[in-house]
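Each chain, letter by letter, is given below.
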Amino acid sequence: MSRYYVTTPIYYVNDAPHIGHAYTTVVADVLARFHRLLGEEVYFLTGTDEHGQKIEDSAAAKGLTPIALADAVVQRYHALWKRLGMTHNDFIRTTEDRHQRGVLKLFGEITSRGDDIYKGRYEGWYCKGCEAFYPESQIVEGKCPDQGHPVQRLSEESYFFRLSRYQEPLLKHYADNPSFIFPETRRNEIVSFVSSGLKDLSLSRTSFRWGIPFPGDPQHIFYVWFDALANYITALEYAGSQDLYRQFWPADVHLVGKDILRFHAVYWPAFLMAAGVPLPKSVVAHGWWLRDAAKMSKSRGNVIEPNSLLDDFSVDAVRYFLMREMAFGQDASYSDEALIERCNSDLANDLGNLVSRTLKLLENSFGGVVPDPGSHSPRGEGLAPAAQAAWNGMVGGFKEYDFSGALSRVWELVSATNKFIVEKEPWKLAADPARRDELGWVLYDAAEALRVTGLLISPVMPRAARALWGQLGLQRDPAEESLTEFEWGRLAPGTRIAKGESLFPRIDKKAYLARLGTETPEAAKPAAPIARETNVDEASIDIEEFRKIRLRVGKVTAAEKVEGAKKLLKLQVDLGDEVRQIISGIADKYAPEALVGKQIVLVANLKPATIRGVESRGMLLAAEDAEGRATIVTFDEAVTVGATVR
RNA sequence: GGCGGUGUAGCUCAGAUGGUUAGAGCACGCGGCUCAUAUCCGCGGAGUCCGGGGUUCGAGUCCCUGCACCGCUACCA
């Protein structure tokens, strides 16, 4: 039997689950359910990443042990996945013994096979909030580029992985396996990144304790990526019986958000190559959910809370929306309106109402028993061709991760069925005893089309699919069925239907939005929060803040180009009491000799930085023109060198 | 700065290998039906296919160029 192993990333327990986590996991669940329907043996893994400094710090701040904090947050994930109907086969936590042993085993494989691991020193600007080092060039005013947290200069002993050695093998792997990274545009990015050269990767930290200690050197703790990525095999008892590992590794799909693609498409395969472990078959990256076109973030206050969504909408509606609304791989916008539109148009009006009308017609004309279609149905007439097309489209779309397209194809069957009913006018046929056979055929086809529809939507909307089948009088769950071949006509005549509650109730959009406290759809647009944030960013500073910046008059005494750099000049600037060396990116406009003797304005108390290996202790002020070229600020008459500018 | 991507109806998006009047869903207008969750079906309006060149008998689809937005990356101090 063919096997299918799909994973989600493991989620960091510092954060409560949000819509992004929910999306990734729903996609994985849909894939898992789809492949089970294809008769494959599926292993679906998700879990949590629980180590690291952030957890250590958060726990301490709350007076908890790290594991107690992790335990608490993990419960929230379990609860959400249960609510969302997830069918993962396993949930791994990096604090589990099987994981820790697995990490050590994987590491041991690498060290025993060569010299890919070595000890060195790591130095850089470290952001505690992000748990990451940033290159000099990315530090903005002493803050990290991602979140704006303060950074600190850190130097520590570290173990390194010779990633640089794997540049060629990785490129070859990408070339030989075009489907290794999906979508193609992401693949291009990775190829380009790797082509430009790889630096060795720091694998350990000594700055925190909460993690897996290095074998033989317990001062060192495994840094996040080696620890976390290994989960994909440690969960398979890689360091134990290896039963699952032998069955399911290599994985078919590592599903990830585009932000962590590099770790999965570069670092992870390199680790595996070094350890002599087969590589996963594919890494598939999806886009982000934006809030009405703006990026969601806590600081913006525009995050979508999955649990509150589930308070108002059915699981199936939420799952359907996530799968249908996003063109897979691209970013998509979440909006309350869009969600309600999907619920009302696709689910309530099209499908829900179709179920309702079909069952009612069966009740009225055949006492709620599925009639015999006679000789009409199986011959390419009626709805059979449309059902076949929907089946083809759904299966084809899923295999290319085009969930939205796949669902569209299914909805073409729904439309075709609605149209079929309108055209055949069964309520008129019912009034004519002579046309009873035709009536039976028409209603049989409609019911059978619904059976097929239920099967096709079951990976996305398992509960609704089951309910639909139940109302058709079927005892089985679509999940127990097979999608491997299309078979029209399996609904047995004589089946007693069981019309029940509306499958997808309509949602009162106005009432819903009003309840959210947004008077009109326009008011619901998040222009407000964004504007607020902009105001904060552009906010006036008071004089005290400005006084922190020390601007001084400097005279350029020497200038030369920085070797190997296009735009950089190395300047010696006399401040009267000292001479500073600074680096400035103005070489495209100024020749070095043209600068000597000029008086400039220098930001004198800027933290020193090293650019292109050259120390820079200050920054000169310049205006930037439309082409991005700089014009330096100077004085219209000579002033005292070293004087303060304000 | 380099590389890559995107730019198609009011909105969200489809549109291998260039070929008759450019599509779907939603929204909008009109008509039909009444089994159905004020639902369904039909018809319709609407688009300089980002701009400008070019190749071609013919380009949304290929080439060049410009603009805008996005992503990755970088010596943007």
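Located above this text is the structure these notes cover.
Note that this is a predicted model, so its numbers are computed, not measured.

Looking now at the overall build of chain A. In terms of regular secondary structure, chain A is built from 23 helices and 26 strands. The contacts of chain A with a sequence gap of at least 6 include a subset with a gap of at least 24, amounting to 74%.

Attention now moves to the packing of aromatic side chains. Geometry of an aromatic ring pair is reported as the spacing of the ring centres plus the angle between the planes. Scanning the entire structure with this criterion turns up 36 aromatic pairs. Summarising the aromatic geometry, the rings of Tyr11 and Tyr77 are spaced 5.8 Å apart at their centres and angled 10° between planes, so their arrangement reads as stacked. Here Tyr11 is found in strand β1 (residues 3-12), whereas its partner Tyr77 is found in helix α3 (residues 66-83), with 66 residues between them in sequence. Tyr77 carries the same exposure label as Tyr11, and that label is buried. Site record: aromatic cluster; members linked through ring pairs are Phe107, Tyr159, Phe161, Tyr166, Phe214, Phe222, Phe226 and Phe271.

With antiparallel pairing, three strands are arranged side by side in an open sheet as β9-β11-β10. Of all the strands in the sheet, the pair left with one neighbour each is β9 (204-205) and β10 (213-214). With two bridges joining them, β9 and strand β11 (residues 217-222) adopt antiparallel strand pairing. Residue Arg205 lies in a different strand from β11, and its bridge partner there is Ile221.

Before going further, it helps to examine the pairing of β1. Summarising burial for β1: eight of the ten residues are buried, a large majority. Taken together, the eight bridges between β1 and strand β2 (residues 41-49) define a ladder with parallel strand orientation. Looking across to β2, one finds that Ile10 is bridged to Gly47. A crossover links β1 with its parallel partner β2, the connecting element being helix α1 (residues 19-37), and its sense is right-handed. Looking at chain direction, β1 and strand β12 (residues 253-257) are connected through two bridges and run parallel. Bridge pairing links Thr7 to His254 in β12.

Rules behind the numbers
- Residues numbered from 1 in each chain as written.
- Chains lettered and ligands numbered in written order.
- Predicted model: local features only at pLDDT ≥ 70, side-chain atom pairs only at ≥ 80, totals over all residues.
- Heavy atoms only, no water.
- Helix = DSSP H or I, 4+ residues; strand = E, 2+ residues; numbered from the N terminus.
- Contact = heavy atoms within 4.5 Å.
- Phe/Tyr/Trp six-rings, centres within 6.5 Å; stacked < 30°, edge-to-face > 60°.
- Buried < 20%, exposed > 50% of the residue type's maximum accessible area, 1.4 Å probe, protein only.
- Pairing = 2+ DSSP bridges.
- Right-handed = clockwise from strand over helix to strand, strands pointing away.

Without other data, these values stay purely geometric and don't point to any function.
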